[in-house]
Amino acid sequence: MARALEPLMLYLGTSGWPSGGEWSGLSPRQRRRRYFGLFNSIELVQTYRRVPDWDVVGRWRAYAPAGFVYSWVAPRYLTYRPGGEERRGLRRFLRRHKRLGRARGGVRFVVPDRADPVAFGEWLAMLAELELPGDYAFEVKEELSGLLEPYGWVAVNRPGAWQYALDRPPAAHLPGYAYYSSLETALRHQREVAAERG
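Residues numbered from 1 in each chain as written. Predicted model: local features only at pLDDT ≥ 70, side-chain atom pairs only at ≥ 80, totals over all residues. Heavy atoms only, no water.

Asker: I would appreciate a short explanation of the overall build of the chain in the present structure.
Answerer: Looking only at helices and strands, the chain has six helices and eight strands in total. Counting helices and strands in the order they occur from the N terminus, the chain gives β-α-β-α-β-α-β-α-β-α-β-β-β-α. Computed over the C-alpha atoms, the radius of gyration of the chain is 17 Å, within 12% of the 16 Å expected from 2.2 N^0.38 for a compact globule of 198 residues. Summarising its shape, the C-alpha atoms of the chain cover approximately 45 × 40 × 30 Å along the three principal directions. When each of the 198 residues of the chain is scored for burial, the buried share is 47%. For the chain, contacts bridging at least 24 residues in sequence account for 68% of all contacts bridging at least 6. (Helix = DSSP H or I, 4+ residues; strand = E, 2+ residues; numbered from the N terminus. Rg over C-alpha atoms; globule rule 2.2 N^0.38 Å. Buried < 20%, exposed > 50% of the residue type's maximum accessible area, 1.4 Å probe, protein only. Contact = heavy atoms within 4.5 Å.)

Asker: Please explain the environment of Leu-148 as it appears in this structure.
Answerer: The residue Leu-148 is located in the loop between helix H5 (142-145) and strand E6 (154-155) in this model. Each C-alpha atom of the pair Leu-148 and Ala-125 lies 9.8 Å from the other, and the pair is 23 residues apart in sequence. Setting aside anything within four residues of it in sequence, one finds Leu-148 in contact with Phe-120, Leu-124, Phe-138, Val-140, Trp-153, Val-154 and Ala-155.

Asker: Explain the nonpolar core to me, please; I cannot follow it from the model alone.
Answerer: One broad rule of soluble globular proteins: the nonpolar side chains tend to lie buried together. Counting 51 residues, the largest nonpolar core has Tyr-70, Leu-94, Phe-109, Phe-120, Trp-123, Leu-127 and Phe-138 as the members making the most contacts within it. Setting aside residues no more than four positions away along its own chain, Phe-138 makes contact with Phe-109, Val-111, Phe-120, Trp-123, Leu-124, Leu-127, Leu-148, Trp-153, Val-154, Ala-155 and Val-156. In this structure, Tyr-11, Val-69, Ala-137 and Val-154 belong to the second largest nonpolar core, which totals 11 residues. (Core = buried A, V, L, I, M, F, W, Y, C linked by side-chain atoms within 4.5 Å.)

Asker: What is the right way to read the sheet that holds strand E1 (residues 10-14) from this model?
Answerer: Backbone hydrogen bonds are what pair the strands of a sheet, in a parallel or an antiparallel way. Strand order in this open sheet of three strands is E1-E8-E7, and the pairing throughout is parallel. Bordering the open sheet on either side are E1 and strand E7 (163-166), each of which pairs with just one other strand. Across this sheet, the average inter-strand angle for adjacent strands is 10°, counted without regard to direction. In this structure, E1 lies alongside strand E8 (residues 176-180), joined through five bridges in parallel fashion. Note on E8: the bridge partner recorded for Leu-10 is Gly-176. In the packing of helix H6 (residues 183-197) onto the sheet, the strands contacted are E1 and E8, and the crossing angle to E1 comes to about 155°. (Pairing = 2+ DSSP bridges. Axes fitted to C-alpha atoms, helices over the stretch in contact; angles between N-to-C directions.)

Asker: Explain the sheet that holds strand E5 (residues 135-139) to me, please; I cannot follow it from the model alone.
Answerer: Read across the sheet, five strands follow the order E2-E3-E4-E5-E6 without closing on themselves; strand pairing throughout is parallel. Since the sheet does not close on itself, it has two edges, and those belong to strand E2 (41-44) and E6, each with one partner. Pairing geometry for strand E3 (residues 69-73) and strand E4 (residues 104-110), over three bridges, is parallel. Residue Tyr-70 lies in a different strand from E4, and its bridge partner there is Arg-104. Packed on one face of the sheet, helix H2 (residues 54-63) meets E2 and E3 and runs near 145° to E3.

Asker: Sorry, what's going on with the confidence of the model for the chain here?
Answerer: Detailed reading of the predicted coordinates is not advisable wherever pLDDT falls low. A residue-level look at the chain finds 95% of positions with pLDDT of 70 or above and a mean pLDDT of 91. Note that pLDDT drops below 50 for residues 1-5; the model gives that stretch 22 contacts with residues more than four away or on any other chain. (pLDDT = per-residue confidence, 0-100.)

Asker: For this particular structure, what's the right way to read the environment of Trp-23?
Answerer: Within the secondary structure, Trp-23 sits in the loop between E1 and helix H1 (28-38). Separated by 164 residues in the primary sequence, Trp-23 and Leu-187 have C-alpha atoms spaced 15 Å apart. With near-sequence residues (within four places) excluded, Trp-23 lies in contact with Pro-18, Arg-31, Arg-34, Tyr-35, Leu-38 and Leu-183.

Asker: Looking at this model, I keep getting lost on the side chain of Arg-104. Mind explaining?
Answerer: Looking at where Arg-104 falls in the secondary structure, it is placed in strand E4. The buried charged residue Arg-104 lacks any salt bridge partner; its closest oppositely charged side chain belongs to Asp-135, at an N-O distance of 7.4 Å. (Lys, Arg positive; Asp, Glu negative; His and termini not counted. Salt bridge = Lys/Arg side-chain N within 4 Å of Asp/Glu carboxyl O.)

Asker: What is the right way to look at the pattern of salt bridges in this model?
Answerer: When the charged atoms of two side chains lie near each other, side chains of opposite charge can form a pair. Inspection of every chain in the model, using the stated rule, returns nine salt bridges. Between Arg-50 and Asp-53 there is a salt bridge, with its nearest N and O atoms 3.6 Å apart. On the basis of relative accessibility, which here comes to 53%, the residue Arg-50 falls in the exposed class. Exposure remark for Asp-53: the relative accessible area of 32% places this residue in the partly exposed category.

What follows is the structure in C-alpha cells.
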C-alpha cells in the first residue's frame, strides 16, 4: 500500500543530477550542496541501469539534509511478469530503496507497452506480497492503470490522491513528487508552486 506522505508535502526536483552549463565544472560534493540548496528531492535515474550497492545507498542517506528525499527509477531488468527470479530482483531493489530511511522518496516503475495485462496483474499481487510498502507510481498504458487501484498505487501523470508528475506542472494542493529533465523548468515550476501556496 502507499506510504502516507506528510500532509500536502510536495517533493520537487530534477530527474537526474544537473550536469551542463555552470554545473559542469563542479565537483560531486559542490554539485550536491548546490542542489540541496535548491530542491527537496531528486529522481535518481541511474537506478534504472544498476541497483546501487549497500554502501552507496548509505552514503546517499548520509548526504541528504533533513527533509530531502531520493526517488528511484525501477531497474530495467524487471519483466513485469511473476516468477522467482523476478521476485528476488524486485526484493533486492526495494530493500536497497528502503535503506534510505527518512530520505526515501518514491519509485517509478516503467512498464513496457507490450506488458500482458494478466501477467501484470499477477505481478502487482506479487509486489504487494513482498510487504515492502512505498510510494509507487507506474508509467503504464491506459488499459493497465485500473489494475493499480486495489493497491493504492497510481499511474504517472494521472489524477490520484498523490501525484508523480514528470515534466509537467504539479498540483500545489496535492502531495507527491514532480521531476523535470530541465533545471530551468524545475526552478520555474518551483516558483509557481510557492506562489500558488502563498
